[in-house]
Amino acid sequence: MYSRSEASRIRTEFWITFGQYMKPVPNAQGRRINWPNYRTGVKDVYFRMKAEQEFASIGIELGHKDEELQELYFEQFRELKNLFKTSMGEEWDWKLHATNEVGQPVSKIEKVITGVNVMEENSWPEIISFLKPRIIALDEFWDNVKPAFEN
């Protein structure tokens, strides 16, 4: 078992490593960005990457406090589902009105892998190999559809 500070240190090391690995990769517009802290530029629309002891995940999280507005944004994404699937090259899980890790209502479009553990450095290549192509594809997808969410 890991102490809270040790677990935090290992997670921080992982995200620093991931960031360094992604640093030379430009975004869809050819700019350098901070991939681990990706900013969508649209209020309450987040790209979340997680690396935990039993899984890693990547996804879009809609965090509007107004559940009707959250549902409206989710429906906008749903209308783009075919383009999303083509961009990602795979099916993702679509969850309307789920909850996040702190119990807030959110809607999610995400992909999860199990059998990895961020606490074990030998899992890092598999986690990075899972996250890297998906955050790049997500960025390319977002570059195409973001204007529809800016109004």
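The structure we're discussing is the one just above.
Every value quoted in this text rests on a predicted model; they were computed, and no experiment measured them.

Reading guide: rules and limits
Residues numbered from 1 in each chain as written. Predicted model: local features only at pLDDT ≥ 70, side-chain atom pairs only at ≥ 80, totals over all residues. Heavy atoms only, no water. Helix = DSSP H or I, 4+ residues; strand = E, 2+ residues; numbered from the N terminus. Rg over C-alpha atoms; globule rule 2.2 N^0.38 Å. Buried < 20%, exposed > 50% of the residue type's maximum accessible area, 1.4 Å probe, protein only. Contact = heavy atoms within 4.5 Å. Areas by Shrake-Rupley, 256 points an atom, 1.4 Å probe, with all protein chains shown as cover. Lys, Arg positive; Asp, Glu negative; His and termini not counted. Charge placed at Lys NZ, Arg CZ, Asp CG, Glu CD. Pairing = 2+ DSSP bridges. Axes fitted to C-alpha atoms, helices over the stretch in contact; angles between N-to-C directions.

Along the protein chain, the regular secondary structure elements total four helices and four strands. In sequence order, the protein chain lays out its α and β elements as α-β-β-α-α-β-β-α. Relative to the compact-globule value of 15 Å for 151 residues, the protein chain shows a C-alpha radius of gyration of 16 Å, a close match. Viewed in the frame of its principal axes, the protein chain has a C-alpha envelope of about 45 × 35 × 25 Å. The buried share of the protein chain, reckoned over its 151 residues, is 42%. A sequence separation of at least 24 residues applies to 62% of the contacts in the protein chain between residues at least 6 apart. Summed over its atoms, the accessible surface of the protein chain is roughly 8800 Å², and 47% of this surface lies on carbon and sulfur atoms. Positive and negative charge centroids in the protein chain, built from 20 and 24 side chains respectively, lie 4 Å apart.

Our focus in this paragraph is the sheet that holds strand S1 (residues 45-51). Taken in spatial order, the four strands make up an open sheet running S1-S2-S4-S3, and their pairing is antiparallel. Looking at the sheet topology across the chains shown, the edges are occupied by S1 and strand S3 (93-99). On average, adjacent strands in this sheet sit at an angle of 25° to one another, irrespective of strand direction. As paired strands, S1 and strand S2 (residues 55-62) are joined by seven bridges and run antiparallel to one another. What sits directly across from Lys50, in S2, is Ser57. Contacts between helix H2 (residues 67-79) and the sheet are confined to S1, S2, S3 and strand S4 (105-114), with S3 contributing the most and set at about 175° to the helix.

Attention now moves to the environment of Thr17. With respect to the helices and strands, the residue Thr17 is situated in helix H1 (residues 4-22). If near-sequence neighbours (up to four positions away) are discounted, Thr17 is found in contact with Trp124 and Ile128.

Among the seven residues of S1, five are classified as buried, and the element is accordingly described as predominantly covered. Here S1 hands over to S2 after three residues, the two strands then running antiparallel side by side.

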